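Observations on the three-dimensional arrangement
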Amino acid sequence: MDYKDLNLIGSSSPHIRTKDGAGHIMGEVLIAMVLPLAFAVYNFGPRALAAAAVSVAGCCCFEWLYRILLGKNNTLGDLSAAVTGVLIAFVCPVTVPYWVLLIGDFFAIVVVKQLFGGVGKNFLNPALAARAFMLCWAGEMTTWVAPRSPNFTPVPVWGPFDAATYPTPMALLHENNLEGLQGIYDLSKMFVGLIGGSMGEVSALLLILGGLFLIWRKVITWYIPVSYIGVVAALTFLFPRGNDPVQWMLYNLLGGGLMLGAFFMATDYVTSPVSHLGQAIYGAGCGLITVFIRYFGSYNEGVCYAILIMNLTVWIIDKNIKPRRFGVIKAPPGAARKVRKKEAVK
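The residue numbers shown here count from 1 along each chain, following its written sequence. Two thresholds apply to this predicted model, a pLDDT of at least 70 for residue-level local features and 80 or more for giving and counting side-chain atom pairs, whereas whole-chain, interface and lining totals are computed over all residues. Side-chain measures here rest on the full set of heavy atoms in the structure, leaving out hydrogens and waters.

As for helix H2 (residues 34-44)
Spelled out, the test is: Throughout this description, buried means an accessible area under 20% of the type-specific maximum (1.4 Å probe, protein chains only), exposed means over 50%, and partly exposed covers the range between. The helix count covers DSSP runs of H or I at least four residues long, the strand count covers runs of E at least two residues long, and both are numbered beginning at the N terminus. Directions from the helix axis toward the C-beta atoms define the arc.
Every buried residue belonging to H2 is among Pro-36, Leu-37, Phe-39, Ala-40, Asn-43 and Phe-44, and all of these are buried. An end-on view of H2 places all buried positions within 160° of arc, on one side of the element. The first or second residue beyond H2 is Gly-45, which carries a positive phi of 110°.

Laid out in structure tokens, this is it:
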């Protein structure tokens, strides 16, 4: 065949293109977080919506200002700053002061994301890194209020409020007080989300539905959530700290930020491995560290730090676990060493 007569166009990769850009993908993530946010408003009051709005506005403003001051193009259209803003609000108590949220927004957008080159170049999850930084204000970040009840009084959107500290499921689990936890929260309340905690972490049901939506839309894959949740389930069942291994396992799965972390945090494209095997190993590592911190750490929750630690290992996983290239035959062990020896002899 004479290739000179063909109208071929030579170009560099990528050769497969799709209309699903960053803005489309982040938009799907925002849709998946609508129901958990709505439930947070129902469970804690309208301040949850106000906190999310302040956080989103802060992230968008900091990203716009940073790129304007440095003469860079505007990237607000990719919606990644909006997603970060919602996630930062999700991992905070509803009583968190707005100024603490804005400090977290600045740290996530400017320090973690933009200083390393912007979207796609950060090596840590911005929302979780911001949460870890915001714990410098431990009092503001660990003041929990009671969830919705017959005598429920919502936290006001603005102004002073009386926020009595209320025990969260993870605080009771950390004390190995399964019986006390069962007396306050049954498993149905844990599953639905009528519990105390961070405003976007409480409803396991809606977070699972949001995660399944993202899997259905092929925004994320199932490898990280399944391996993450599966390892936590296996370890807490095999090594329970209560009289009933099944109950202990279920309370560990439904309490804290496990579902939010497994579906919305650990699956971040930039800070997770690219291969399916690598994603499974990454998720398993998150699960192992989460249980280790919950069991042996002084802090009663391990999801945030587990994911951040595994973020730092992604380059190792990607370097050593590579998909097989089409048409390439794997060389036998020691082949490269033999070639180097021959070249040295010559």
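Let's pick the thread back up.
Re the packing of aromatic side chains
We count it as follows: Aromatic contacts are taken between Phe, Tyr and Trp rings whose centres are within 6.5 Å, Trp giving its six-membered ring; a plane angle under 30 degrees counts as stacked, one over 60 as edge-to-face, and the others as tilted. The criterion for a charge sitting over a ring is simple: Lys NZ or Arg CZ within 6 Å of the ring centre, and within 35 degrees of the ring normal.
Evaluated as defined, the whole model comprises 13 aromatic pairs. Geometrically, the ring pair formed by Phe-107 and Phe-133 is stacked, given 4.3 Å between the ring centres and 5° between the ring planes. Here Phe-133 lies in helix H6 (residues 126-134) and Phe-107 lies in helix H5 (residues 98-113), a separation of 26 residues in the sequence. Judged by centre distance (5.8 Å) and plane angle (75°), the ring pair of Phe-133 and Trp-137 falls under edge-to-face. On the basis of relative accessible area, Phe-133 is assigned to the partly exposed category, the value being 29%. Classification of Trp-137 by relative accessible area gives partly exposed; the value is 24%. Members of the aromatic cluster, connected to one another through ring pairs, are Trp-99, Phe-107, Phe-133 and Trp-137. When the ring centre of Tyr-98 is taken as reference, the NZ or CZ atom of Arg-47 above it lies at 4.5 Å. One residue, Arg-241, lies across the ring of Phe-296, its end atom 5.5 Å from the ring centre.

Some remarks on the nonpolar core
The line we're drawing: Definition used in this section: a nonpolar core is a set of buried Ala, Val, Leu, Ile, Met, Phe, Trp, Tyr and Cys residues joined via side-chain atoms within 4.5 Å. Here a residue-residue contact requires only that any non-hydrogen atoms of the pair lie within 4.5 Å.
Formed by 91 residues in total, the largest nonpolar core has its most connected members in Tyr-228, Phe-264, Tyr-282 and Ile-307. Once residues within four sequence positions are removed from consideration, Tyr-282 is found in contact with Ile-224, Ala-266, Thr-271, Ser-272, Pro-273, Ile-307, Met-310, Asn-311, Val-314 and Ile-317.

Let's talk about the side chain of Thr-271
Take Thr-271: it is sitting in the loop between helix H14 (258-265) and helix H15 (276-296). With a relative accessible area of 1%, Thr-271 lands in the buried category. Excluding anything up to four places from it in sequence, Thr-271 contacts Asn-122, Phe-123, Leu-124, Asn-125, Tyr-282, Asn-311 and Val-314.

Here we look at the side chain of Thr-95
Applied cut-off: Contacts described as polar in this section are N or O atom pairs within 3.5 Å, which, within protein, must combine one atom able to donate a hydrogen with one able to accept it, while residues neighboring in sequence count only if both atoms come from side chains.
Positionally, Thr-95 belongs in the loop between helix H4 (80-90) and H5. Separated by 2.8 Å, the side chain of Thr-95 and the backbone oxygen of Thr-143 make a polar contact.

So, a nonpolar patch on the surface
Condition: For patch building, the residue pool is restricted to those with more than 30% relative accessible area and no salt bridge; the joining distance is 9 Å between like charges and 5 Å between nonpolar side chains (Val, Leu, Ile, Met, Phe, Trp, Tyr). Only the protein chains shown count as cover for residues, and the accessible areas themselves come from Shrake-Rupley with a 1.4 Å probe. Whenever a carboxyl oxygen of Asp or Glu lies within 4 Å of a side-chain nitrogen of Lys or Arg, that contact is scored as a salt bridge.
There is a patch of nonpolar side chains on the surface, built from Trp-64, Leu-65, Ile-68, Leu-69 and Leu-70 and spanning about 520 Å² of accessible area. Among the secondary structure elements, Ile-68 is positioned in helix H3 (residues 47-69). Look at Ile-68 and you get partly exposed, because its relative accessible area is 47%.

Some words on empty space enclosed by the protein
Selection criterion: Definitions used for this entry: grid spacing 1 Å over protein atoms alone; cavity, a set of points where a 1.4 Å probe fits but cannot get out; pocket, an open set with protein on both sides within 12 Å along at least 5 of 7 lines; lining residue, one with an atom within 4 Å of a point. Grid points are joined across faces, edges and corners, and a volume is the space filled by probe spheres set on the points. Residues are sorted three ways: Asp, Glu, Lys and Arg are charged, Ala, Val, Leu, Ile, Met, Phe, Trp, Tyr, Cys and Pro are nonpolar, and all the rest, Gly among them, are polar.
Within the structure shown, the criterion is met by two cavities of 30 Å³ or more. Computed from the structure, the largest cavity encloses a volume of approximately 70 Å³. Those elements that place two or more of their residues in the lining of the largest cavity are H6, H14 and helix H16 (303-311). The biggest single contributor to the lining of the largest cavity is H14, with three residues. Split by residue class, the lining of the largest cavity holds six nonpolar, two polar and three charged. Of the volumes computed, that of the second largest cavity is approximately 50 Å³. Lining the second largest cavity are Met-170, Leu-173, His-174, Asn-176, Arg-241, Trp-248, Asn-252, Arg-294, Tyr-295 and Asn-300. Looking at which element gives the most residues to the lining of the second largest cavity, the answer is helix H8 (residues 169-174), with three residues.

Some thoughts on the packing of helix H11 (residues 204-216) against H14
The description of two packed helices rests on the angle between their axes and on the distance between the axes. Applicable threshold: Axes here mean lines fitted to C-alpha atoms, for a helix over just the part in contact, with angles spanning 0 to 180 degrees between N-to-C directions. These descriptions rest on fixed angle ranges, namely under 35 degrees for roughly parallel, over 145 for roughly antiparallel, 65 to 115 for roughly perpendicular, and the rest for oblique. Crossings are classed by handedness, with left-handed meaning an anticlockwise turn of the near helix from the far one by less than a right angle and right-handed meaning a clockwise turn.
Where H11 contacts H14, the axes come no closer than 9 Å and their chain directions differ by 15°. In this view, H11 runs roughly parallel relative to H14, as classed from their interaxial angle. When the axes of H11 and H14 are compared, the crossing they make is left-handed. Along the contact surface, H11 presents Ala-204, Leu-207, Ile-208, Gly-210, Gly-211, Leu-214 and Ile-215, while H14 presents Met-259, Leu-260, Phe-263 and Phe-264. Partitioning the contact of H11 with H14 into residue classes produces nine nonpolar, two polar and no charged.

Considering the layout of surface pockets
As a volume, the largest pocket reaches approximately 470 Å³. Taken together, 25 residues line the largest pocket, and the ones lying closest to its centre are Met-26, Ser-80, Val-83, Asp-268 and Tyr-269. Looking at the lining of the largest pocket, the elements that each hand over two or more residues are helix H1 (22-32), H4, H6 and H14. Partitioning the lining of the largest pocket into residue classes produces 16 nonpolar, six polar and three charged.

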